[in-house]
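# Secondary and tertiary structure notes
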Amino acid sequence: MSSSLLSLAIWVPILGAFVVFAAGNAQNLARWAALITAIAGFAVTVPLYLGFDVTQAGMQFVEQRAWIPRFNIEYFLGVDGISVLFILLNSFITILVVIAGWEVIKDKVAQYMGAFLIMSGVMNGIFSALDAVLFYVFFEASLIPMYIIIGVWGGPNRVYAAFKFFLYTLLGSLLMLIALIYLFLASGGSFNLLEWHQLRIEMTPQILLFLAFLVAFAVKVPMWPVHTWLPDAHVEAPTGGSVVLAAIMLKLGAYGFLRFSLPIAPDASQYLAPMMIALSLIAVIYIGFVALVQLDMKKLIAYSSISHMGFVTLGFFIFNQLGVEGALVQMISHGFVSGAMFLCVGVMYDRMHSRQIADYGGVANTMPKFAGFFMLFAMANAGLPATSGFVGEFMVILGAIKFNFWIGFAAATTLVLGAAYTLWMYKRVIFGPVANAHVAELTDINSREFLFLAVLAACVLAMGIYPFPFTEVMHASVDNLLKHVAVSKL
Amino acid sequence: MKLLYLIVPFAPLLGALIAGLFSKAIGRTGAHVVTILGVATSFIASVIIFRDVMAGNTFNGDLYTWLESGGLSLKIGFLIDPLTAVMMIVVTFVSLMVHIYTIGYMAHDEDNWPADSKAGTHSYQRFFAYISLFTFSMLMLVMSNNFVQLFFGWEAVGLVSYLLIGFWSNRPTAIYANLKAFLVNRVGDFGFLLGIGLIAAYAGSLDYATVFGKAKELAAMTETVTGWPLITAICIGLFIGAMGKSAQFPLHVWLPDSMEGPTPISALIHAATMVTAGIFMVSRMSPLFELSDTALSMVIIVGAITTLFMALIAIVSTDIKRVVAYSTLSQLGYMTMALGASAYSVAIFHLMTHAFFKAVLFLGAGSVIIAMHHEQDMRRMGGLRKYMPITYATVLIGAIANAGLPPFAGFFSKDSIIMAVQASQIPGATFAYICALAAVFIGGLYSFRLVFFAFHGKERFREAAHGHGHDDHGHGHHAVHEPHESPKVVTIPLILLAIPAIASGWVIGSFLYGNWFGDAIVVDPAHGAMAQLKAGFTGVFGMIAHGVVTLPFWLALSGAVLAWFLYIVRPDLPAVIKKKAGFLVTILEKKYGLDDFNEWFFAGGARGVGRGLWKGGDQALIDGVAVNGSARLVGWFAGVLRWIQSGHIYQYAFSMIIGVFVLLTLWMNRA
């Protein structure tokens, strides 16, 4: 099947970004150009879902051209049931980010919007690249717009946070580069990921490869103990930056496990699974406790993200369909829910210029509509059934119990912990009597804010009430992956 | 027929959505009309379905496939059998009464909010939306034919309970109570989810019929990792869920605090319906529980502890709603004991009669609270019977039923439970029987204490004018108001609920002994309590005749007489007793110290652990040691991060990027 939909998904936002840049100081023009680009960027991804053949496990919408023939580097794109939903999610979130920044960003509007559009295109590139060099270029390139977003539009400590973010993630990817080069040599000069999946590799190199990829991806997820950059980055990032960071960027690492670690080093994956499971459970429980005592709302949600991403890595390494599909569902759901949570904090921050829980209290009295939305997202974050937050956690817990009762037991503690940190924050911020004069002066959400919160609310509920269409897409590819991982490559 | 099944849950949902989302447009009248219409429709449909089920038409079918993964096909669907039908009638009827009652109770809700609070603007509509949403959730729970939907309903009723306990969100006590309720319930749900997970893992399905069909196989299995007998592990997990929702010791701690919510929801959610979800669930799971004597033992012991120890607290509480709340806990303990004795149908029978008489008690208490201008302390009441005759009469009916005196509804169900526990051979049954008898005496005492304390004796509200009320909301008046009977929207539901509180016990013959539940409830022949009861049953009058010559009746009666003596004849005595037995009273008033312990150990402990991990783990160890020192562990890593602090990071970052590209370029050009 030949098609250029994936190229469009990548290049429409990136090229659109340059149109937006061209708008320069014409702020409204820049905003509208960005919105149209974002919508167009999403529109070209819709046929990917509609035209997706759920019975097929392999790559679809494949585009394969020579790029640097001398090294067999190709412009090779394709999606399967694992990656296709992330392209849609990414393009969709981009629209919301543009709307969320609409009148809030007053400084360098064109550059701000453009950075997000480039980011969006680049991340579509990551999710669809099937050539290792192409992947690596996109993977590294994604750092730059985010680095700029935090560094230019971020909070007072933004420079420190931007560097910490940049270094942590860059360090990780260096080891990955070495792994890629090794695989290039081992495969006799190919960067084709699908060929790499079939490569026979001895146990020791497999383990080394796995560890190299692990460092790169664990930083992105982020997994404990390389997670400390995330709270800092979130705190300093502008709202849109936090949304993209949480909703999409955190998924890159997890996606990497499925595209690289598991299929390329299946024996090492199995061998090291206990370690991965242990790290995941530490993320769920340890980070859950840490989230409980946060004083800054964004830090709290950042820690909650780490904890939720623990479910993702846990789901991957229990090697059953419930686990892997649950993890994928959790990734998408987390895109909606954490995005919405950061937008909610942004709505309050825009009015109060504070993220400290202690500065709030009784917001329901002045912003009842907002309180309603925030309640829904908080409940989704706590994994309430009928919201998307439940589905993935439920699947992973079921999968974990099937794998080993005690692992399921440890994972299920999130039921209590997740509710505790989310609802305790909600209580202190939203409920209670009006805490101070600033809260008394708050105005409820405007129609622009209502729009993006309502859209996300609809997504969260739809995915909770009817997750079938999401998992249906994944079955064939996940099944294939699990079969692949079960076969030794020694 | 299928459309009718859909109408039952979705009519209230529609009402809730309209009242909640368009509160401004439809106004107060619109909100209560649309929600009452929704629930009334649901009630009528439930009655039609009930008759149909009586005629033998049960139904088990799916609505849609929610999810498929890993060989599990999870569907949303309905199971309509006698057990469901009873629950549907109870839920929709009590809900309808509570909806009507709410018109009166919440009529002046704006007084409960600060004048400029926008949350209070449409609070009336919001309240109706919530209780209709609750009705939907509860119906989804009881009508489910699978564990996923059960869990959905389970959590959804928990959500609405949370929203309603904290309805008056400006009150610190209310938002403390709702968070506590949610979290304690989540502890129960933790066990519940593990139970469901084990079922999914070993039965490969979460559909009731399929799982029950495999019950015998499951009973023969062992959990592979833990080595536990599988069926026992499953049942204990599920029962821990029930302990949370149905407030069984030690997860009962949330229920008394839930009284912070408006009274209509205390009646609907925290007495008649939601808290009985655990009882319903265990009954529904009878094909599983019957296969584990260990689990049944646990059930009967937990129920017994709850029954007795919660009843004791009801004696010392002076808050009228809390007395009813502790009495609810005790009654839930009875139901749980019945489950443990494999007398599931008796538990459901008591669930039904209790729903009626406890709703009467709560709504009666609410009526008193309205009359007393939101005063809940019985020490400031007394002598109310001549001012509020209808409320008095209905509360009296509720109290008699609660105490279990014939021929009121509670007698039949409670006596049956005691007989079943007596007949049960499950380990722990003897202990439970002793607890049950003691609780009967105490039940008589606290029930009539409430009646005499609040409605008889001196009119203490005349001297109470000096202090502030329990929920002072800015009335600022200190003058004595003559209490007066509540409006018709309040008294009519009271009367309509009082009728089944008297009469619903009379259906005992067909309900318990007429094989009415059919296949919906399974009892293993080895658990003979029900068979024994059936053999000894001699009809309603026979049961009354037998009842008045047995111990429970005389215990309940002596409890009532003691209450009469202490609160009518010698009202000075309680204070003397309190002084003499100060230590015991303090233990009860402190609720056995459980709240303090939980606050200190769990809440405080969790925060301590969190702070320790954050400061010690993240900040000191990871950012501190890994960043600053310990080169031996991650030397290179730490070395790089030292750059952050030395200020050269800027150069470093860019030399890094440059390095990468140079490396790439070199690599490419080499070949």
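Counting from 1, residues in each chain are numbered in the order their sequence is written. Chain letters and ligand numbers both follow the written order, the letters beginning at A and the numbers at 1. In keeping with the predicted nature of the model, local features appear solely for residues at pLDDT of at least 70, side-chain atom pairs appear and are counted solely at 80 or more, and the whole-chain, interface and lining totals rest on all residues.

Before going further, it helps to spend a moment on the overall build of chain A. Runs of E in the DSSP output that reach at least two residues are strands. Runs of H or I that reach at least four are helices, and both are numbered from the N terminus. Helix and strand counts for chain A come out as 22 helices and two strands. What the globule rule says is 2.2 Å times the number of residues to the power 0.38, and the radius of gyration is computed from C-alpha atoms. In terms of overall size, chain A behaves like a compact globule, its C-alpha atoms giving a radius of gyration of 21 Å where 490 residues would be expected to give roughly 23 Å. Seen through its C-alpha atoms, chain A measures out along the principal axes to roughly 70 × 55 × 40 Å. Counting all 490 residues of chain A, 66% fall into the buried class. A residue pair is marked as a contact if its C-beta atoms, positioned from the backbone, fall within 7 Å. Taking the contacts inside chain A whose residues are at least 6 apart along the sequence as the reference set, 81% of them involve residues at least 24 apart. Each residue is classified by how many other C-beta atoms fall within 10 Å of its C-beta atom, where C-beta atoms are placed from the backbone; a count of 20 or more means buried, 12 or fewer means exposed, and values in between mean partly exposed.

We now examine the overall build of chain B. In terms of regular secondary structure, chain B is built from 29 helices and two strands. Taken against the 2.2 N^0.38 rule, which gives 26 Å for 671 residues, the C-alpha radius of gyration of chain B at 28 Å falls within 12% of a compact globule. With the principal axes as the frame, chain B shows a C-alpha extent of 105 × 65 × 55 Å. Taking all 671 residues of chain B together, 57% fall into the buried category. For chain B, the share of sequence-separated contacts (at least 6 apart) that also reach a separation of at least 24 residues comes to 80%.

The figure often quoted for interface size is the accessible area lost as the parts come together. Contact residues are listed per partner, giving 55 residues for chain B and 57 residues for chain A. Only strand E1 (59-69), helix H5 (147-165), helix H6 (172-203), helix H27 (594-628), helix H28 (631-646) and helix H29 (649-670) of chain B provide two or more residues apiece to the side of chain B that touches chain A. Among the elements that make up the side of chain B that touches chain A, the one with the highest residue count is H6 of chain B (15 residues). Residues were grouped as follows: Ala, Val, Leu, Ile, Met, Phe, Trp, Tyr, Cys and Pro as nonpolar; Asp, Glu, Lys and Arg as charged; and all remaining residues, including Gly, as polar. Looking at side-chain class alone, the side of chain B that touches chain A contains 34 nonpolar, eleven polar and ten charged residues.

Attention now goes to helix H5 (residues 109-128) of chain A. The end-to-end C-alpha distance of H5 of chain A is 29 Å, a good match for the 28 Å that 20 residues give at a rise of 1.5 Å each. Burial within H5 of chain A is extensive, with 19 of its 20 residues counted as buried. Between the first and last residue of a helix there are one fewer steps than residues, each counted as 1.5 Å, and that sum is the expected span.

In this model, tryptophan 224 of chain A is joined to proline 225 of chain A through a cis peptide bond whose omega is 5°. Examined against the element boundaries, proline 225 of chain A turns out to sit in the loop between helix H10 (203-220) and helix H11 (229-236). Backbone torsion omega between phenylalanine 249 of chain B and proline 250 of chain B reads 0°, so that peptide bond is classified as cis. The phi angle at asparagine 72 of chain A is positive, at roughly 60°, despite the residue not being glycine.

Two strands qualify as a pair provided DSSP detects at least 2 bridges between them. The pairing of E1 of chain B with strand E2 (residues 72-80) of chain B spans nine bridges and is classified as antiparallel. The residue bridging leucine 67 of chain B from the neighbouring strand is leucine 74 of chain B, located in E2 of chain B.

Inspection of the secondary structure assignment puts valine 225 of chain B in the loop between helix H8 (215-219) and helix H9 (230-245). On the basis of neighbour counts, which here come to 14 C-beta atoms within 10 Å, the residue valine 225 of chain B falls in the partly exposed class. For the pair valine 225 of chain B and methionine 281 of chain B, spaced 56 residues apart in sequence, the C-alpha separation works out to 27 Å. The residues contacting valine 225 of chain B, other than those within four sequence positions of it, are Asn404, Phe405 and Trp406 of chain A.

Our focus in this paragraph is the pairing of strand E2 (residues 73-79) of chain A. All names here are of chain A. Burial runs high along E2: six of the seven residues are buried. Here strand E1 (residues 60-68) pairs with E2 via six bridges, running antiparallel. Its bridge partner lying in E2, glutamate 63 is registered against leucine 77. Between the end of E1 and the start of E2, which pair antiparallel, lie four residues, with asparagine 72 showing a positive phi angle near 60°.

Moving on, we come to the packing of helix H16 (residues 344-371) of chain B against helix H17 (residues 389-403) of chain B. Packed helices, taken two at a time, are described by their axes: the angle between them and the distance between them. Residues and elements named next belong to chain B. With axes taken as lines fitted to C-alpha atoms, and helix axes fitted only over the stretch in contact, angles between N-to-C directions fall between 0 and 180 degrees. The geometry of H16 relative to H17 is characterised by a closest axis approach of 8 Å and an angle of 140° between their N-to-C directions. Considering how the two elements wind past one another, H16 and H17 form a crossing that is left-handed. Facing H16, whose interface residues are Thr353, Phe357, Val360, Leu361, Gly364, Ser367 and Val368, H17 presents Thr391, Thr394, Val395, Ile397, Gly398, Ala399, Ala401 and Asn402. In terms of residue class, the contact of H16 with H17 is built from eight nonpolar, seven polar and no charged. For any pair of crossing helices, the crossing counts as left-handed if the nearer helix is rotated counterclockwise from the farther one by less than a right angle, and right-handed if it is rotated clockwise.

With that settled, the discussion passes to helix H3 (residues 82-105) of chain B. Taking 1.5 Å per residue as the helical rise, H3 of chain B with its 24 residues ought to reach 34 Å, and the 34 Å between its terminal C-alpha atoms agrees with that figure. Most of H3 of chain B is tucked away: 23 of the 24 residues are buried.

Right, let's talk about the nonpolar core for a bit. Core analysis: the biggest nonpolar cluster contains 467 residues, and Ala359, Val360 and Ala420 of chain B have the highest contact counts within it. Sequence-distant contacts of alanine 420 of chain B, that is, excluding residues within four places in its chain, are made with Ala338, Ala341, Ala343, Val346, Ala529, Met530 and Leu533 of chain B. Joining buried Ala, Val, Leu, Ile, Met, Phe, Trp, Tyr and Cys residues through C-beta atoms within 7 Å gives a set, and that set is a nonpolar core.

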